Amino acid sequence: MNPQILLLSAAQDGRLFGLDTQMFIQIGIQLINAIVLFLLLSWLLYKPVLKFLKARSDKIAGELKQAADDMEKADGLKLQYEQKLKDIAVEKDAIIEAARKKAAEKAAQILAEAKTEADEIKVRAAEQAEAELRRVEDSVKNTIIEVSTTMSEKFISISIDNETCDKLFNETMAELEEVTWQS
């Protein structure tokens with residue numbers, strides 16, 4: 001159908017643009033339907049949606065509060081961790097210093113022991129050298145005595161008789177007893 005024909009047929013019935021009581025009644029019914037539908041949907045949907053949105057906003061607010069609390073805890077733990085690191089550094093320095101002192105004491109003790117041992121070795125070496133010197137002196141004295149005795153025997157046997165020999169021997173022995181050997 002042509003739109004001009006519809007307009008002409010409406011104008012013939014006495015209705016211009018279809019404005020008659022029938023149309024106002026339909027508009028009123030549609031408004032009542034819309035209001036009822038709005039009320040029904042708001043009662044069925046709006047309150048549950050509001051409840052859902054409130055629950056969601058409460059959940060988000062709770063999560064934000066929890067996140068803020070967690071951040072505060074994390075900051076506290078971070079401060080504790082940093083303090084523990086500082087304490088560990090101080091303790092490390094103290095341990096190293098104690099180890100240095102102990103090493104210095106140990107080194108001093110080892111040096112003192114080494115010096116004492118060296119002094120003992122010197123004393124023993126001096127004692128051994130002195131003992132060796134006495135032994136050599138005694139050996140030389142014995143050798144001199146043996147040589148002088150042998151020479152005296154030969155000299156006396158050639159020039160002196162037995163009686164004179166005994167007399168000279170006794171005199172020499174008496175003189176030797178009086179003389180002290182020098183060391």
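In this text the structure is predicted, and so the values were computed from the model without any measurement.

As for the pattern of salt bridges
Point 1. For the structure shown, the criterion picks out 6 salt bridges.
Point 2. Between E97 and R100 there is a salt bridge, and its shortest N-O distance comes to 3.9 Å. Residue E97 and its partner R100 are located together in helix α2 (residues 21–159), separated by 3 residues, close to a single helical turn.
Point 3. Classification of R100 as exposed rests on a relative accessible area of 55%.

Overview of a negative patch on the surface
Point 1. A cluster of acidic residues, E113, E117, D119 and E120, forms a negative patch on the protein surface.
Point 2. Examined against the element boundaries, E117 turns out to sit in helix α2.

Section: the confidence of the model for the protein chain
Caution applies to low-pLDDT regions: their predicted coordinates should not be interpreted in detail.
Point 1. Overall, the predicted model of the protein chain reaches an average pLDDT of 83, with 84% of residues at or above 70.
Point 2. Put simply, helix α1 (residues 3–12) is where the protein chain has its lowest mean pLDDT, 57, and α2 is where it has its highest, 88.

So, how was this worked out
Residues numbered from 1 in each chain as written. Predicted model: local features only at pLDDT ≥ 70, side-chain atom pairs only at ≥ 80, totals over all residues. Heavy atoms only, no water. Salt bridge = Lys/Arg side-chain N within 4 Å of Asp/Glu carboxyl O. Helix = DSSP H or I, 4+ residues; strand = E, 2+ residues; numbered from the N terminus. Buried < 20%, exposed > 50% of the residue type's maximum accessible area, 1.4 Å probe, protein only. Patch = residues over 30% accessible without salt bridge, like charges linked within 9 Å, V, L, I, M, F, W, Y side chains within 5 Å. Areas by Shrake-Rupley, 256 points an atom, 1.4 Å probe, with all protein chains shown as cover. Lys, Arg positive; Asp, Glu negative; His and termini not counted. Charge placed at Lys NZ, Arg CZ, Asp CG, Glu CD. pLDDT = per-residue confidence, 0-100.

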